[in-house]
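In case you want the letters, here they are:
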Amino acid sequence: MKKYITKYLIFIVGLYFLAAGIVLILRSSLGTTPISSVNYVLSRNTPITLGTWTFLVNLLLIMGQFWFIRDRMTRRDTVEILLQVPFSLLFGAFIDFNMALTETLHPTHYAMAIVLLLAGCLIQSVGVVLEIKPRVVMMSAEGFVNYASRRYNKDFGKLKVGFDISLVTIAALISVLFSQRIEGVREGTLIAACSTGYIVSFLNRRIITRAMLHRVFPLRHA
């Protein structure tokens with residue numbers, strides 16, 4: 001029981017870092033991450049908060065996963081997908097909490113905006129590494145791509161790129177529809193999309209190793 005509690009604790013810490021990183025990227029005013037682009041545009045044009053939209057969109061992705069496995073559903077797949085629901089709710093709460101925490105954080109010049117953007121990319125990457133290390137739950141976006149790749153026998157990486165591009169495109173279209181201009185999609189979106197993978201890879205191999213986690217958390221028997 002202790003090892004599972006530790007694994008989920010690490011995962012939750014990762015969720016918090018991921019939420020904090022996304023919010024810092026938003027606060028840079030240079031755009032948002034592809035995965036948050038639709039949620040951000042919807043939150044800008046409705047009374048619903050970014051965290052709530054994040055949860056609602058994740059629910060749609062969860063339903064999509066069930067559709068992908070509709071004729072080959074196993075108990076393990078069902079449990080893995082359903083576990084995403086409470087963590088998606090927690091993730092949305094973390095986002096709203098960090099949005100409130102950084103409400104007065106507005107860059108006064110471009111250099112400060114870049115610093116916020118890069119800090120957000122780094123913190124977000126830490127969150128991603130802490131999410132994948134325990135191997136407990138896959139978040140809804142990755143789960144959606146994972147089950148889609150299984151359904152259609154496509155490469156996960158290539159499908160993930162197409163998925164991210166689709167989200168940014170949908171966000172741009174919704175933005176134009178609501179406000180006749182594009183919101184949330186700027187150079188920061190491209191920088192975040194291109195840099196996060198490399199930062200995650202470096203942190204995963206060199207910094208946030210299992211040996212390091214052993215020193216911080218009691219993972220000897222995890």
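Relevant structure appears above.
Residues numbered from 1 in each chain as written. Predicted model: local features only at pLDDT ≥ 70, side-chain atom pairs only at ≥ 80, totals over all residues. Heavy atoms only, no water.

Remarks on the overall build of the protein
Thought 1: Helix and strand content of the protein: ten helices and zero strands.
Thought 2: Ordering the α and β elements of the protein from the N terminus gives α-α-α-α-α-α-α-α-α-α.
Thought 3: For a compact globule of 222 residues, the expected C-alpha radius of gyration is about 17 Å, and the protein comes in at 17 Å, within 12% of that figure.
Thought 4: Projected onto the principal axes, the alpha-carbon positions of the protein cover approximately 50 × 45 × 30 Å.
Thought 5: Relative to its full complement of 222 residues, the protein shows a buried share of 47%.
Thought 6: Within the protein, counting contacts between residues at least 6 apart in sequence, those at least 24 apart form 79% of the total.
Thought 7: Of the accessible surface of the protein, which amounts to about 11,900 Å², a share of 68% is contributed by carbon and sulfur atoms.
Thought 8: Taking the average location of the 23 positive side-chain charges in the protein and that of its 11 negative ones, the two points are 10 Å from each other. (Helix = DSSP H or I, 4+ residues; strand = E, 2+ residues; numbered from the N terminus. Rg over C-alpha atoms; globule rule 2.2 N^0.38 Å. Buried < 20%, exposed > 50% of the residue type's maximum accessible area, 1.4 Å probe, protein only. Contact = heavy atoms within 4.5 Å. Areas by Shrake-Rupley, 256 points an atom, 1.4 Å probe, with all protein chains shown as cover. Lys, Arg positive; Asp, Glu negative; His and termini not counted. Charge placed at Lys NZ, Arg CZ, Asp CG, Glu CD.)

Topic: the layout of surface pockets
Thought 1: The calculated volume of the second largest pocket comes to roughly 390 Å³.
Thought 2: Forming the walls of the second largest pocket are 20 residues, and the residues nearest its centre are Leu 26, Arg 27, Ser 29, Tyr 40 and Arg 44.
Thought 3: Residue assignment for the lining of the second largest pocket shows that the elements contributing at least two residues are α1 (2-27), α2 (34-44) and α5 (84-101).
Thought 4: Take the lining of the second largest pocket: its biggest share by element is three residues, from α2.
Thought 5: In terms of residue class, the lining of the second largest pocket is built from seven nonpolar, seven polar and six charged. (1 Å grid on protein atoms, 1.4 Å probe; cavity = no way out; pocket = protein on both sides within 12 Å on 5 of 7 lines; lining within 4 Å. Points joined across faces, edges and corners; volume = space filled by probe spheres on them. Nonpolar A, V, L, I, M, F, W, Y, C, P; charged D, E, K, R; others polar.)

So, the environment of Ala 172
Thought 1: Secondary-structure assignment places Ala 172 in helix α8 (residues 156-179).
Thought 2: Classification of Ala 172 as buried rests on a relative accessible area of 16%.
Thought 3: Considering only alpha carbons, one finds Ala 172 and His 109, 63 residues apart in sequence, at a separation of 25 Å.

Some thoughts on the side chain of Thr 102
Thought 1: Note on placement: Thr 102 falls in the loop between α5 and α6 (110-132).
Thought 2: In terms of polar contacts, Thr 102 uses its side chain to reach the backbone carbonyl oxygen of Asn 98, at 2.8 Å.
Thought 3: Ignoring any residue separated from it by four or fewer positions in sequence, one finds Thr 102 in contact with Val 23 and Arg 27. (Polar contact = N/O pair within 3.5 Å; in protein donor to acceptor, adjacent residues only side chain to side chain.)

Some details on the packing of aromatic side chains
The geometry of an aromatic ring pair is captured by two quantities: the separation of the ring centres and the angle between the planes.
Thought 1: Going through the model one piece at a time under the given rule, you end up with eight aromatic pairs.
Thought 2: Note that Arg 70 overlies the ring of Trp 67, its terminal NZ or CZ placed 3.9 Å from the centroid. (Phe/Tyr/Trp six-rings, centres within 6.5 Å; stacked < 30°, edge-to-face > 60°. Lys NZ or Arg CZ within 6 Å of the ring centre and 35° of its normal.)

Some thoughts on unusual backbone geometry
Thought 1: Phi at Asn 153 takes a positive value of approximately 55°, unusual for a residue other than glycine.
Thought 2: Its identity as a non-glycine residue notwithstanding, Gln 180 has a phi of 60°, on the positive side.
Thought 3: By secondary structure assignment, the location of Gln 180 is in the loop between α8 and α9 (187-207).
Thought 4: With a relative accessible area of 61%, Gln 180 lands in the exposed category.

Considerations on α2
Thought 1: Among the eleven residues that make up α2, nine are buried, leaving the element largely enclosed by the rest of the structure.
Thought 2: For α2, the elements touching its buried residues are α1, α3 (50-68), α8 and α9.

Examining the packing of α3 against helix α7 (residues 140-152)
Thought 1: Two elements in contact, α3 and α7, have axes separated by 9 Å at closest approach and are oriented at 20°. Classed by the angle they form, the pair α3 and α7 counts as roughly parallel. Here the hand of the crossing between α3 and α7 comes out left-handed. Taking contact as the criterion, the partners of Asn 58, Leu 61, Ile 62, Gly 64, Gln 65, Trp 67 and Phe 68 in α3 are, on α7, Ser 140, Ala 141, Gly 143, Phe 144, Tyr 147, Ala 148, Arg 151 and Tyr 152.
Thought 2: Of the residues belonging to the contact of α3 with α7, the class tally is nine nonpolar, five polar and one charged. (Axes fitted to C-alpha atoms, helices over the stretch in contact; angles between N-to-C directions. Parallel < 35°, antiparallel > 145°, perpendicular 65-115°, else oblique. Left-handed = near helix turned anticlockwise from the far one by under 90°.)

A closer look at the state of the cysteines
Thought 1: All told, the structure shown has zero disulfides when counted by the stated rule.
Thought 2: Not part of a disulfide, Cys 121 finds its nearest cysteine sulfur in Cys 194, a span of 10 Å.
Thought 3: On the basis of relative accessibility, which here comes to 1%, the residue Cys 121 falls in the buried class. (Disulfide = S-S within 2.5 Å.)

A closer look at the nonpolar core
Thought 1: Within the largest apolar cluster, 18 residues are counted, with the highest numbers of intra-cluster contacts made by Val 38 and Phe 163.
Thought 2: Looking at this core, the elements that each hand over two or more residues are α2, α3, α7 and α8.
Thought 3: Ranked by the residues each element gives to this core, the list is headed by α7, at five residues.
Thought 4: Val 38 has contacts with Leu 167, Ile 170, Ala 171 and Ile 174, leaving out every residue within four places of it along the chain.
Thought 5: Core analysis: the next-biggest nonpolar cluster, separate from the first, contains 17 residues, Val 23, Ile 95, Val 136 and Met 139 among them. (Core = buried A, V, L, I, M, F, W, Y, C linked by side-chain atoms within 4.5 Å.)

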